[in-house]
Amino acid sequence: MSLTSFLASPPSRFAARHRRQLHLAVPVVAALAALPFALHDVYLLNVLILTLLYAAMAQSWNILGGYCGQISLGHALYFGIGAYATTLLWVNHGITPWGGMVVGAALSAVTALAVGRLCFRLKGHYFSIATIVIAEIGLLIVHNAEFTGGALGVQWPIAGDGWWSLQFGRAKAPYVWVALGLFAATWLVTWVIEDSPWGYWWRAVKDDVQAAESLGVEVFASKMSAAAVSAAFTAVGGGFYAAYVAYIDPESVMTFRFSLLFALPAVLGGIGTLWGPLVGALVLVPLTEITRSYMGGSGSGLDLVIYGGLIMVVALARPEGLLSLLPRRSR
Amino acid sequence: MTETPLLEVSNVTKRFGGLTANADVSLTVARGEILGLIGPNGAGKSTLFNAIAGAFPIDAGSIRFDGHDITSLPCPARCALGIARTFQVPRSFDSMSVVENVLVGALTRRPKTRAARHAAHEVLDFVGLGSRAEASAGELTPPEKRRLEMARALATEPKLMLLDEVMTGLTPSEAREGVELIRRVRDQGITVIMVEHVMEIVMPLIDRAVVLELGRVLAEGTPKEIVADPRVIAAYLGDRHRAA
Ligand SMILES: Nc1ncnc2c1ncn2[C@@H]1O[C@H](COP(=O)(O)OP(=O)(O)OP(=O)(O)O)[C@@H](O)[C@H]1O
Ligand SMILES: [Mg+2]
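Residues numbered from 1 in each chain as written. Chains lettered and ligands numbered in written order. Predicted model: local features only at pLDDT ≥ 70, side-chain atom pairs only at ≥ 80, totals over all residues. Heavy atoms only, no water.

Engineer: Looking at this structure, how should I read the UniProt feature "transmembrane region" (unreviewed entry) in chain A?
Structural biologist: All names here are of chain A. Feature annotation in UniProt places "transmembrane region" (unreviewed entry) on residues 21–39, 45–64, 76–95, 101–120, 175–193, 224–248, 260–284 and 304–326, given in this structure's numbering. Between the end C-alpha atoms of residues 21–39 the distance is 27 Å, and the span holds 95% helix and 0% strand. Across residues 224–248, the secondary structure splits into 88% helix and 8% strand, with the terminal C-alpha atoms separated by 29 Å. (UniProt positions renumbered as here; feature names shortened; annotations may be inferred. Helix = DSSP H or I, 4+ residues; strand = E, 2+ residues; numbered from the N terminus.)

Structure follows, in structure tokens:
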């Protein structure tokens, strides 16, 4: 086979198309990384940080929900595990939040495997309901346990600012970069998985379990691996969030609301797609932050109503998410 | 030296609640042959395919394949040993392209996605779906979906293929192409068991036939013997009468 015909072979053309996504990601991430130099408004930087965090969380959720088709509505559990592991290790033992995130990720992955053992035999919405119940049980435990600080939560003590403590006083830019780094990591993992055996097995499991099995796909192992990866990254986000707000309690990291908020950007932007979570978060998070500041505190639940409505509109008009507005090839 | 059969189904019974879909079914399949599995609607043909492929556990009996007792092996392990099947109602992975559907099967023998993708394209060319490789699987027409079923199963590089009504709904010329395709599959050394209702299609193609009725083996023999067998004629006539 000559070189030109080799390069024109269908697998090579696919590889080139797949690589183009990477070439698209580099300037997108670079532009986002440069934003703190242009934006100095603390409120806007806060919105940016939350947008990137939710994009990363939706990207993590998408690995299990979008690619493997297991719709978890209990990812707040993994976020909480990451937030608490990071907080308690730092506050009680002086272990850097970076270490806490790694421990939280490992704990979360193990928890996800245990949840998977219990729940992956359940079909469709029974699985989703079970994940809600398990996350609520986790919330109750954290609420009532002593070592977690119970309902009062845990305050991060004032410590020296810097990358070691992940505390930056009033500066927001470093948090933008960490959130962006987390998003970039989840995006890159998704990108790699998309053209790896696991990526194809996960989608096969999502689309048709019986056909997948008949082609040699280990369905249970596929679901378990997707759950572990998804939960681990969600926990890193929880650890980051704890460091960012420097105070956590059960309500602020583990309620059902978060489980919804991690799924929504992916559903809005395009479930099971590479760019859906970021697109969804870019629309959803600024919108909710604006409605929150104009219409009062988050307690009203009005914001939930608004994006619930938004999701319904998209689901009816564009079930495949906002990305489906673009031509297929460019996605 | 007598060669051991590729597949030995011994006294297989499968019940759904009170209904016995397979009752004490025994049959053997030699390497390289095309066996026709025929019988009226509801005779238990698809159930037997499911039992051989491992889609569900059976209630009694045993199945040996290529020297292994596979009776209690899960479905993916049977695929790894070399059993592939198509589904009577085509199933596709609609979030993927046609070639990626086939790629999933190709991963059975190839751990690298690039090599699997390459193999998937080759299989698509073999079944005549090469031009649709990049289409979304959900966009295929029903006859194309049947070809995709064949391609996906072939991509696992099986020793045995179970083809469940792959010719249903095809025009006569498409069916002729289908017959040709099955011959080429056999020429690759793959043993085939096929379920088909249209006798004009199956009879010239198969080496031997097994007839199921009401979950039991009613008759077995060459196509000539089968079409002359009064019990088979009665079963089919009875079926027509019931249908009328
Ligand atoms: N999963 C199932 N649950 C309950 N009953 C079933 C199931 N699968 C098959 N049956 C029943 O078992 C009997 C045999 O069905 P099977 O599909 O094996 O027949 P078949 O010979 O393939 O028929 P056809 O030619 O119509 O495809 C039928 O009465 C059918 O209703
Ligand atoms: Mg059938």
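Engineer: Would you explain the site of ligand 1 in this entry?
Structural biologist: Residues and elements named next belong to chain B. If you check the shell around ligand 1, you find 13 residues, and the closest are Gly42, Lys45, Ser46, Thr47 and Gln88. With respect to ligand 1, the backbone of lysine 45 contributes an N or O atom lying 2.8 Å from an oxygen atom. In this structure, an oxygen atom belonging to ligand 1 sits 2.9 Å away from a side-chain N or O atom of histidine 197. When the free accessible area of ligand 1 is taken as 630 Å², the share hidden by the protein chains comes to 61%. Secondary structure elements with two or more residues in the shell around ligand 1: strand S2 (19–29) and helix H1 (45–53). Sort the elements by how many residues they give to the shell around ligand 1 and H1 lands first, with 3 residues. Its residues placed into classes, the shell around ligand 1 shows 4 nonpolar, 7 polar and 2 charged. (Near = heavy atom within 4 Å. Polar contact = N/O pair within 3.5 Å; in protein donor to acceptor, adjacent residues only side chain to side chain. Areas by Shrake-Rupley, 256 points an atom, 1.4 Å probe, with all protein chains shown as cover. Nonpolar A, V, L, I, M, F, W, Y, C, P; charged D, E, K, R; others polar.)

Engineer: Is there a simple way to think about the packing of helix H8 (residues 197–207) of chain A against helix H3 (residues 98–106) of chain B in this case?
Structural biologist: The N-to-C vectors of H8(A) and H3(B) enclose an angle of 110 degrees; their axes lie 10 Å apart at closest approach. Considered as vectors, H8(A) and H3(B) are oriented roughly perpendicular to each other. Between H8(A), through A:Tyr200, A:Trp201, A:Arg203 and A:Ala204, and H3(B), the contact on the second element is made entirely by B:Glu100, B:Leu103 and B:Val104. A breakdown of the residues in the contact of H8(A) with H3(B) according to their chemical character gives 5 nonpolar, no polar and 2 charged. (Axes fitted to C-alpha atoms, helices over the stretch in contact; angles between N-to-C directions. Parallel < 35°, antiparallel > 145°, perpendicular 65-115°, else oblique. Contact = heavy atoms within 4.5 Å.)

Engineer: Looking at this structure, how should I read the sheet that holds strand S6 (residues 83–85) of chain B?
Structural biologist: Backbone hydrogen bonds are what pair the strands of a sheet, in a parallel or an antiparallel way. All names here are of chain B. Spatial strand order, S6-S7-S8-S3-S9-S10: 6 strands in an open sheet with mixed pairing. On the outer flanks of this sheet lie S6 and strand S10 (216–221), each paired with one strand and no other. Each strand of the sheet is rotated relative to its neighbour by a mean of 20 degrees, with strand direction disregarded. Strand direction decides the pairing type here: strand S7 (residues 160–164) and strand S8 (residues 191–195), joined by 5 bridges, are parallel. (Pairing = 2+ DSSP bridges.)

Engineer: Would you mind going over the side chain of A:Ser72 with me for this structure?
Structural biologist: Residues and elements named next belong to chain A. As for its position among the elements, serine 72 is in the loop between helix H3 (42–67) and helix H4 (76–93). Of note is the side chain of serine 72, whose polar atom sits 2.8 Å from the side chain of histidine 75. Not counting residues up to four positions away in its chain, the partners in contact with serine 72 are Trp61, Leu64, Phe127 and Thr131.

Engineer: I would appreciate a short explanation of the coordination of the magnesium ion (ligand 2) in the present structure.
Structural biologist: Six octahedral donors around a metal ideally sit at 90 or 180 degrees from one another, while four tetrahedral donors ideally sit at 109.5 degrees. All names here are of chain B. Within the protein, the atoms that donate to the magnesium ion (ligand 2) are Ser46 (OG) and Gln88 (OE1), at distances of 2.0 to 2.1 Å. On the criterion of sequence distance, the pair formed by serine 46 in helix H1 and glutamine 88 in the loop between S6 and H3 is long-range, its members being 42 residues apart. The exposure class of glutamine 88 is partly exposed, given its relative accessible area of 32%. (Donors = N, O, S within 2.8 Å, 3.2 Å for Na, K, Ca; no water. Buried < 20%, exposed > 50% of the residue type's maximum accessible area, 1.4 Å probe, protein only.)

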